[in-house]
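# Coordinate inspection notes
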Amino acid sequence: MSDRAKLGPWVIGVALLLGMAADGLLRAAPWGLNIFLWMSALVVTLMVYARSRKEALGGGIWLFAPVIIFSAAFAWHDSIALKLLNLLAILIALALLMLRAQGGRLLPAGILEYAAAGIVAAFNVALGPVLLVFSGLKWEGILSGHSARRFLAIGRGVAISVPLLVLFGGLFMGADAVFRGLISSLIRVDFLSLLSHSFMTAFFAWVVAGFLRGTLIGTERNLTEGRQLPSPRLGIVEIGIALGLLDLLFFSFVVVQIRYLFGGAPLVGITPGLTYADYARSGFFELLAVAALVLPLLLVAHWLLHKQNSAHERLFRMLAEVQILLLFVIMASAVQRTRLYESEYGLTEDRLYPTAFMGWLAVVFVWFGITVLRGHRERFAFGALIAGFLLIGTLHIVNPDNLIARTNTASAAAGRKFDASYASSLSADAVPVLVDRLAALGAHDRCVVAQRILVGWTPPNQPDWRKWNWSQKLAWRSVRANSEILRQASRSEQKKPDGSEPCSAR
């Protein structure tokens with residue numbers, strides 16, 4: 001039996017074990033320490049295999065680092081948005097690991113190769129177990145051994161015994177009440193719980209089997225290796241007209257709107273009917289969409305450009321650089337608008353994460369100019385990927401929910417508006433700040449925040465260790481240490497005439 005054929009039973013066995021481990025660990029939500037432990041088990045499994053076979057993973061072992069780091073981050077911060085970004089980073093790293101294991105490259109590599117990695121990974125997770133059973137296992141070799149014949153004989157014996165036991169057992173249970181009670185107590189089963197555990201075990205076993213099959217056995221990438229996608233080619237006239245007109249449009253927008261874009265607070269003060277909210281909201285997400293669309297536009301334009309004339313390439317580079325410079329002005333305007341709004345109305349996740357995304361776009365545009373516009377397109381995707389990983393890591397260091405709580409409570413202390421309902425709905429990352437700065441809030445806001453913190457973050461008597469999270473631990477510690485202050489704050493207002501709580505959410 002070949003080495004690849006021997007891997008089939010091993011993959012199925014490992015997948016079943018990890019499926020059962022997932023049922024025991026990942027059933028507890030929200031994920032914290034449990035996802036780190038489970039992903040570590042998967043990584044250790046692959047490392048053991050890779051150690052026994054040199055170049056088994058195609059030099060992609062370094063991708064274990066982001067998998068471990070971002071799975072460990074689940075046990076650091078409690079923010080749902082950060083956890084979704086962690087999960088996205090883990091899935092991307094595992095998809096690229098499969099690409100490397102099948103002989104693909106990460107550097108140099110084109111964007112289409114990265115996209116193909118996602119498609120191959122999704123294909124294997126969806127259909128890999130089926131392919132493993134029907135083509136990855138050599139049934140004639142498995143069924144021909146002495147041990148296999150013995151297991152088949154045992155299976156046939158069990159299959160014959162079950163209906164006989166059911167038949168005669170049912171008759172005995174009908175004949176004697178004591179015997180019926182004894183058997184009923186022995187075979188009492190919670191079928192809903194059994195179904196739930198079986199489904200979760202099967203689901204994660206299926207996913208792991210598909211991933212391992214694609215990483216250790218799969219060869220789907222070979223189907224497209226060496227093939228070039230047919231692409232229409234356009235000359236500099238067509239692309240130059242399109243980019244030139246877009247540059248003119250961008251320039252016109254910047255010139256016409258320059259006073260509005262960078263006017264800030266003085267402009268709001270002298271413009272009749274213009275409020276801070278109108279100024280900041282008018283166009284922020286539209287400008288963000290412009291920034292997000294320009295990147296694929298320039299990539300596609302560069303891909304379509306007929307590159308046999310250096311003068312044409314220089315003209316394209318000039319037009320693209322002008323567009324990027326104009327776009328930076330527009331992006332700076334968008335950031336300035338949202339900063340002005342935040343200074344008056346507070347910071348929220350809806351504003352923070354798009355701003356962070358815009359920062360990533362700025363870095364990627366610079367990288368685009370260094371690579372694609374300088375004839376090194378094959379390096380662009382890898383740099384954009386690393387920039388994305390660094391962005392997620394930076395967000396963890398910044399701690400968005402904690403930053404939002406600090407910013408908004410500071411604004412409240414300065415006499416500005418404070419949304420107590422929103423602040424108290426943030427994750428455990430924000431709780432210590434809200435508790436420490438409770439005295440800086442007005443009576444009503446203090447009451448709302450205290451009530452919601454007591455309801456949501458009072459430490460449980462028996463916490464589930466699988467969901468352990470550092471931010472959650474700090475939140476519980478803060479609530480426990482300030483429980484009396486929180487209870488007093490939650491009763492700081494007189495009850496309403498109808499007897500309802502005075503600071504209930506509005």
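Refer to the structure printed above.
Here is a short report on the structure shown in this document.

Cut-off values and rules
Residues numbered from 1 in each chain as written. Predicted model: local features only at pLDDT ≥ 70, side-chain atom pairs only at ≥ 80, totals over all residues. Heavy atoms only, no water. Helix = DSSP H or I, 4+ residues; strand = E, 2+ residues; numbered from the N terminus. Buried < 20%, exposed > 50% of the residue type's maximum accessible area, 1.4 Å probe, protein only. Contact = heavy atoms within 4.5 Å. Areas by Shrake-Rupley, 256 points an atom, 1.4 Å probe, with all protein chains shown as cover. Salt bridge = Lys/Arg side-chain N within 4 Å of Asp/Glu carboxyl O. Phe/Tyr/Trp six-rings, centres within 6.5 Å; stacked < 30°, edge-to-face > 60°. Axes fitted to C-alpha atoms, helices over the stretch in contact; angles between N-to-C directions. Parallel < 35°, antiparallel > 145°, perpendicular 65-115°, else oblique. Left-handed = near helix turned anticlockwise from the far one by under 90°. Nonpolar A, V, L, I, M, F, W, Y, C, P; charged D, E, K, R; others polar. Core = buried A, V, L, I, M, F, W, Y, C linked by side-chain atoms within 4.5 Å. Expected span 1.5 Å × (residues − 1).

## Here's the deal with the overall build of the chain
Broken down by element type, the chain carries 23 helices and 0 strands. Taken across its 506 residues, the chain has 42% of its residues classed as buried. Within the chain, contacts between residues at least 6 apart in sequence are counted, and of these 76% link residues at least 24 apart. Total accessible area computed for the chain in this model is approximately 27,100 Å², and 68% of it derives from carbon and sulfur atoms.

## A look at the pattern of salt bridges
Pairing is possible between side chains of opposite charge, provided their charged atoms come close. What the rule picks out here adds up to 5 salt bridges. For Asp23, the salt bridge is made with Arg27, and the minimal N-O distance between the two is 2.6 Å. Overall, Asp23 belongs to the buried group, its relative accessible area being 11%. Since its relative accessible area comes to 31%, Arg27 is described here as partly exposed. Salt-bridge contacts for Lys83 lead to Asp78; the nearest nitrogen and oxygen are separated by 3.6 Å. Exposure class is identical for Lys83 and Asp78. Each is buried.

## Here we look at the packing of aromatic side chains
If you walk through the whole model with that rule in mind, you get 12 aromatic pairs. With 6.3 Å between their ring centres and 20 degrees between their planes, Phe199 and Phe203 make a pair best called stacked. Here Phe199 and its partner Phe203 are both found in helix 9 (residues 191-217), 4 residues apart, which amounts to about one turn of the helix. According to the relative accessible area criterion, Phe199 is exposed, its value standing at 58%. Take Phe203: its relative accessible area is 43%, and that puts it in the partly exposed class. Here Phe203 and Phe204 contribute two aromatic rings whose centre-to-centre distance is 5.2 Å and whose plane-to-plane angle is 90 degrees, an arrangement assigned as edge-to-face. With a relative accessible area of 12%, Phe204 lands in the buried category.

## Observations concerning the packing of helix 14 (residues 284-304) against helix 15 (residues 310-345)
Viewed as axis vectors pointing N to C, helix 14 and helix 15 meet at an angle of 160 degrees, and their least axial separation amounts to 9 Å. One element, helix 14, and the other, helix 15, form an angle in the roughly antiparallel class. The way helix 14 lies across helix 15 gives a crossing that is left-handed. Judged by residue contacts, Phe284, Leu287, Val290, Ala291, Val294, Leu297, Leu298, Ala301 and His302 of helix 14 engage Phe316, Ala320, Gln323, Ile324, Leu327, Ile330, Met331, Ser333, Ala334, Arg337 and Thr338 from helix 15. Broken down by class, the residue content of the contact of helix 14 with helix 15 amounts to 15 nonpolar, 4 polar and 1 charged.

## Concerning the nonpolar core
Counting 51 residues, the largest nonpolar core has Trp38, Leu212 and Leu216 as its most contacted members. Counting residues per element, this core draws most heavily on helix 4 (residues 80-101), at 10 residues. Excluding residues within four positions of it along the chain, Trp38 makes contact with Leu18, Ala21, Ala22, Leu25, Leu26, Phe204 and Val208. Among the nonpolar cores identified, the runner-up in size contains 36 residues, and Ile236, Leu298, Ala301 and Trp360 belong to it.

## Re the side chain of Asn408
Along the chain, Asn408 turns up in helix 18 (residues 400-413). You can call Asn408 buried: its relative accessible area is 9%.

## Re helix 21 (residues 443-457)
A rise of 1.5 Å per residue sets the reference length of helix 21, with its 15 residues, at 21 Å; its end C-alpha atoms lie 21 Å apart and thus fit the reference within 8%. Buried within helix 21 we find His444, Asp445, Cys447, Val448, Val449, Ala450, Ile453, Leu454 and Trp457.

## Describing the environment of Leu25
If you trace the backbone, Leu25 turns up in helix 1 (residues 3-25). A relative accessible area of 16% places Leu25 in the buried class. Those residues in contact with Leu25 that sit more than four places away from it in its chain are Asn34, Leu37, Trp38, Trp465 and Arg466.

## Regarding unusual backbone geometry
Look at the link from Ala29 to Pro30: it is a cis peptide, with omega at 0 degrees. As for its position among the elements, Pro30 is in the loop between helix 1 and helix 2 (33-52). Its identity is not glycine, yet Asn399 carries a phi of approximately 60 degrees, on the positive side.

## Quick word on the packing of helix 10 (residues 236-256) against helix 14
In contact at an axis separation of 11 Å, helix 10 and helix 14 are set at 160 degrees when each is read in the N-to-C sense. On the basis of the axis angle, helix 10 is roughly antiparallel to helix 14. Judged by the sense of rotation from one axis to the other, the crossing of helix 10 with helix 14 is left-handed. Across from Ile239, Leu243, Leu246, Phe250 and Phe253 in helix 10, the residues of helix 14 making contact are Leu287, Val290, Val294, Leu297, Leu298, Ala301 and Leu304. For the contact of helix 10 with helix 14, the residue count by class is 12 nonpolar, no polar and no charged.

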